[in-house]
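# Structure at a glance
Single-letter residue listing:
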Amino acid sequence: MSTGNVEKAILAEMGKPQSGLIDRVTRHNQIFLHNFTQSVERSCECQLMGCTQSFDLTLIPNQVLYPKYCEEHRSEYRRSNFMRQIAAQPEIYRFDTVKVISEPAPPYFAARFSDPA
Ligand SMILES: [Zn+2]
């Protein structure tokens, strides 16, 4: 999946506050820095909001890029499907229905408190 050149580019970009490359690769992957010299199995939790599924990762020497979703959610279609199901549950807080219920204090209000008279 990834070559040594990709790893080198990622490591070089890691020090920058903003990186298009990092943004791009971390959309579907996670960067896992390690210095294992042989393959190691690690359990990892799916990073899809609402999914608590964990999955096994095999950390490979000199590789820092790994999947960030469980096997079930590796495809964009399955992830959006999962999000739709979550949003359809009545007890789930819906961000799209939030409204601002109080306006910021008007300027005269602030002036009244600072006015010595
Ligand atoms: Zn998942």
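Residues numbered from 1 in each chain as written. Predicted model: local features only at pLDDT ≥ 70, side-chain atom pairs only at ≥ 80, totals over all residues. Heavy atoms only, no water.

### A word on the confidence of the model for the protein
Where we set the bar: As a per-residue quantity, pLDDT reports the predictor's confidence and falls between 0 and 100. We count a stretch as a helix when DSSP gives it H or I for four or more residues in a row; a strand needs E for two or more, and each element gets its number in order from the N terminus.
Averaged over the protein, the pLDDT score is 82; the fraction of residues at 70 or greater is 74%. When pLDDT is averaged over each element of the protein, strand E3 (residues 54–59) comes out on top at 95 and helix H4 (residues 107–114) at the bottom at 54.

### With respect to the coordination of the zinc ion
Which entries qualify depends on this criterion: The donor definition counts N, O and S atoms within 2.8 Å of each metal and applies 3.2 Å to Na, K and Ca; water is not among these atoms, so some sites may look incomplete. For four-coordinate sites, all angles between 85 and 135 degrees define a tetrahedron; for four- and six-coordinate sites, opposite donors beyond 155 degrees with the remaining angles between 65 and 115 define square planar and octahedral shapes respectively, and all other cases count as irregular. Here the term buried applies to any residue with accessible area under 20% of the maximum for its type, exposed to any over 50%, and partly exposed to those in between, with areas from a 1.4 Å probe on protein chains only.
Protein ligation of the zinc ion involves Cys-46 (SG), Cys-51 (SG), Cys-70 (SG) and His-73 (ND1), the donor distances falling in the range 2.0 to 2.4 Å. The site at the zinc ion holds four donor atoms, and with the angles between them running 98 to 122°, its shape is tetrahedral. Read in sequence order, the donor residues coordinating the zinc ion give the pattern C-x4-C-x18-C-x2-H. Of this pair, Cys-46 sits in the loop between strand E2 (40–45) and E3 while His-73 sits in the loop between strand E4 (65–67) and helix H3 (76–88), placing them 27 residues apart in sequence. The same class applies to Cys-46 as to His-73, namely buried.

### Overview of the packing of aromatic side chains
What counts, and what does not: For Phe, Tyr and Trp, where Trp contributes only its six-membered ring, two rings pair if their centres lie within 6.5 Å, and the inter-plane angle classes them as stacked under 30 degrees, edge-to-face over 60, or tilted in between. We count a charge as sitting over a ring when the NZ of a lysine or the CZ of an arginine lies within 6 Å of the ring centre and within 35 degrees of the ring normal.
One pass over the full model with this rule turns up one aromatic pair. Its end group placed over the ring of Phe-55, Arg-74 keeps NZ or CZ at 5.1 Å from the ring centre.

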